[in-house]
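For reference, the chains in residue letters:
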Amino acid sequence: FAALAPVKSNSLAFDWSNPPGATYTAYSYALDQKNNTTPAEKAATVTPNATMQAPPGDVDGLWYLHVRGQSSNGQWSATSHYPVLFDRQPPQVGRPSPEANGAGSPYRIVLPVADTTSGIDLSTLHLRLDGQDYAYGDGIEYNAETGALNIDTYSLKPAPTAIANGQKMQVSLLELADYAGNLLSAPFTWSFEADMATATGLTFHALTAQGGDSPALSPDGNRLAFVRSHQVWVMNADDYQEKGQSA
């Protein structure tokens, strides 16, 4: 039984082995949330294994299996403590931005998703944007500090169809699990209206070749730094010479 492997079942089977040179005729064990419990000096099993039920109403988090052995002379060993991480709750989805039935930029979509026990398993992500399906990868990042999925539609592959101002956008988080294997209880779907600022009288050109996030100008206004695919890029503010991994 792997220490700290997240567990979502209420029925657990444990196996343990004796220390080198030690022989026991019986064992005592306990399962609780304390890290130093000593089981009673009373035989619970004569084999180095046990099956037990975790009460469904108990809280998730870090628990401990405590085991000690009894020698043929009746003496009890010191107790060994093994951590077990219970996680029986699926990831929780928060309030997206742009909000449901609201309006906002379709180029930056943020969806809070959190799992405070075992964490989000991003390999299970299945997202749908206006009928196109996406897995975790280019254009989709997870910020563990803020607990949010950040969707950069410029960087999605394949690229979504052209988005018109005022267009109704539909986003669905169809599947997502935590590292214990708990799936979302149901898909999370919302829609919003694409609201993009427009300007007249000027000609605008994209400075970056494949989009980016968190832009910042240097104090003299000559250099532009931005983030793309977990890397910091730097370029001149008036040309297209991107230099990746430059900071």
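Presented here is an overview of the structure given in this document. The structure presented is a predicted model; accordingly, all values stated were derived computationally and were not measured.

What counts and what doesn't
- Residues numbered from 1 in each chain as written.
- Predicted model: local features only at pLDDT ≥ 70, side-chain atom pairs only at ≥ 80, totals over all residues.
- Heavy atoms only, no water.
- 1 Å grid on protein atoms, 1.4 Å probe; cavity = no way out; pocket = protein on both sides within 12 Å on 5 of 7 lines; lining within 4 Å.
- Points joined across faces, edges and corners; volume = space filled by probe spheres on them.
- Helix = DSSP H or I, 4+ residues; strand = E, 2+ residues; numbered from the N terminus.
- Pairing = 2+ DSSP bridges.
- Core = buried A, V, L, I, M, F, W, Y, C linked by side-chain atoms within 4.5 Å.
- Buried < 20%, exposed > 50% of the residue type's maximum accessible area, 1.4 Å probe, protein only.
- Contact = heavy atoms within 4.5 Å.

## Regarding the layout of surface pockets
Phase 1: Its volume calculated, the second largest pocket comes out at about 160 Å³.
Phase 2: Taken together, 16 residues make up the lining of the second largest pocket; nearest its centre are Gly137, Gly139, Ile140, Glu141 and Ser229.
Phase 3: Elements with a contribution of two residues or more to the lining of the second largest pocket: strand S12 (140-143), strand S13 (148-152) and strand S17 (223-228).

## Looking at the sheet that holds strand S1 (residues 6-7)
Phase 1: Taken together, the 4 strands give an open sheet; going across it, the order is S1-S6-S5-S3, and neighbouring strands pair in mixed fashion. Each end of this open sheet is capped by a strand with a single partner; those strands are S1 and strand S3 (26-32).
Phase 2: As defined by bridge partners, S1 adjoins strand S6 (residues 80-86) across 2 bridges and the pair is classed as parallel. Directly across from Val7, in S6, lies its bridge partner Phe86.

## So, the nonpolar core
Note on soluble globular proteins: their nonpolar side chains tend to be buried together.
Phase 1: Leu149 and Leu173 are the most contacted members of the largest nonpolar core, which totals 24 residues.
Phase 2: Among the elements that take part in this core, strand S10 (residues 120-129) stands out by supplying 5 residues, more than any other.
Phase 3: When residues no more than four places from it in sequence are discounted, the contact partners of Leu173 are Val93, Leu111, Val113, Leu125, His126, Leu127, Leu149, Leu184, Pro187 and Phe188.

## With respect to the pairing of strand S15 (residues 188-194)
Within a regular strand, the side chains alternate between the two sheet faces.
Phase 1: Judged from the 2 bridges that link them, strand S8 (residues 103-104) and S15 form a sheet pairing that is parallel. Each bridged residue has a counterpart across the sheet, and for Gly104 the counterpart in S15 is Ala194.

## Details of the environment of Pro158
Phase 1: In this structure, Pro158 sits in the loop between S13 and strand S14 (168-178).
Phase 2: Every residue in contact with Pro158, bar those within four places of it in the chain, is listed here: Gln132 and Tyr134.

## So, the pairing of strand S9 (residues 108-114)
Phase 1: Judged by which residues are buried, S9 turns out to be one-sided: Ile109, Leu111 and Val113 face inward and are buried, whereas Arg108, Val110, Pro112 and Ala114, on the alternate face, are not.
Phase 2: Pairing analysis gives 5 bridges linking S9 to S13, with the strands arranged antiparallel. Within the sheet, the bridge partner assigned to Ile109 lies in S13 and is Ile151.

## Overview of the environment of Glu193
Phase 1: With respect to the helices and strands, Glu193 occurs in strand S15.
Phase 2: For the pair Glu193 and Ala100, spaced 93 residues apart in sequence, the C-alpha separation works out to 9.0 Å.
Phase 3: When sequence neighbours within four positions are dropped, the list of residues in contact with Glu193 reads Gly102, Ala103, Gly104, Gly166 and Gln167.

## A look at the side chain of Ser191
Phase 1: For Ser191, the position within the fold is in strand S15.
Phase 2: Relative accessible area serves as the criterion here: at 12%, Ser191 is assigned to the buried category.
Phase 3: Those residues in contact with Ser191 that lie beyond four places of it in its chain are Glu99, Ala100, Asn101, Gly102, Lys168, Met169 and Gln170.

## Observations concerning the sheet that holds S9
Phase 1: In spatial order, the strands read S7-S9-S13-S12; together these 4 strands make up an open sheet with antiparallel pairing. Every other strand in the sheet has two partners, leaving strand S7 (92-93) and S12 as the edge strands with one partner each.
Phase 2: Two elements, S7 and S9, share 2 bridges in a ladder whose sense is antiparallel. What sits directly across from Gln92, in S9, is Ala114.

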